[in-house]
Amino acid sequence: MTLEATASRVLELSGYRITKTMLIRIENHQRAVYDYEVRALAEALDVDTRFLLGIIDEPQQAK
């Protein structure tokens, strides 16, 4: 999924605005991620929040 598609999906599903630039900064460890953003990203990417946090190794579908 592209960064633009991810940003659009986050907005569509959660109402939070996470821009392409924000995603790039997050990926490059230049920006912290708030708890609500982790939840919104997990929902948009259809993965478990624990996967994004590095707690589990498999991106099991969000429950």
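The structure under discussion appears in the preceding block.
Below is a summary of the structure that appears in this document. Just so you know, the residues in each chain are numbered from 1, in the order the chain's sequence is written. Per-residue local features of the predicted model are confined to residues with pLDDT of at least 70, and side-chain atom pairs are confined, for both listing and counting, to 80 or more; whole-chain, interface and lining totals are unaffected and use all residues. Water and hydrogen atoms were dropped before computing side-chain values, which therefore reflect all heavy atoms in the structure.

**Details of the overall build of the protein chain**
Phase 1 of the analysis: Secondary structure counts use DSSP, requiring at least four H or I residues in a row for a helix and at least two E residues in a row for a strand, with both numbered from the N terminus. A tally of regular secondary structure across the protein chain gives 4 helices and 0 strands.
Phase 2 of the analysis: Listed N to C, the secondary structure of the protein chain is α-α-α-α in terms of helices and strands.
Phase 3 of the analysis: We take the radius of gyration over the C-alpha atoms and set the globule estimate at 2.2 Å times the residue count to the 0.38 power. At 11 Å, the protein chain has a C-alpha radius of gyration in line with the 11 Å of a compact globule built from 63 residues.
Phase 4 of the analysis: Reported as C-alpha extents along the three principal axes, the dimensions of the protein chain are approximately 25 × 25 × 20 Å.
Phase 5 of the analysis: The buried share of the protein chain, taken over its 63 residues, is 27%. The buried label applies to any residue whose accessible area, calculated with a 1.4 Å probe on protein chains only, is under 20% of its type's maximum; exposed applies above 50%, and partly exposed to all values in between.

**Some details on the pattern of salt bridges**
Phase 1 of the analysis: In what follows, salt bridge is the name for a side-chain nitrogen of Lys or Arg lying within 4 Å of a carboxyl oxygen of Asp or Glu. Following the criterion strictly, the structure yields 3 salt bridges and no others.
Phase 2 of the analysis: Taking the shortest distance from any N to any O, the salt bridge between E4 and K20 comes out at 3.1 Å. Of the two residues, E4 is situated in helix α1 (residues 3–14) and K20 in helix α2 (residues 20–27); the sequence distance between them amounts to 16 residues.
Phase 3 of the analysis: Residues R31 and E37 are paired through a salt bridge, measuring 2.9 Å at the closest nitrogen-oxygen approach. For the residue pair R31 and E37, the accessibility class agrees, reading buried in each case.

**Considering the side chain of D48**
Phase 1 of the analysis: Structurally, D48 is set in the loop between α3 (35–45) and α4 (49–52).
Phase 2 of the analysis: Here the side chain of D48 touches R50 through a polar contact of 2.7 Å, landing on its backbone nitrogen. Pairs of N or O atoms within 3.5 Å make up the polar contacts considered here, provided that, within protein, one atom can donate a hydrogen while the other can accept it, and that residues adjacent in sequence are counted only when both atoms are side-chain atoms.

**Notes on the environment of L13**
Phase 1 of the analysis: Position of L13 relative to the elements: it lies in helix α1.
Phase 2 of the analysis: Given a relative accessible area of 34%, L13 falls into the partly exposed group.
Phase 3 of the analysis: Taking the C-alpha atoms as reference points, L13 and D46, separated by 33 residues in sequence, lie 11 Å from one another.
Phase 4 of the analysis: Here a residue-residue contact requires only that any non-hydrogen atoms of the pair lie within 4.5 Å. With near-sequence residues (within four places) excluded, L13 lies in contact with E43 and A44.

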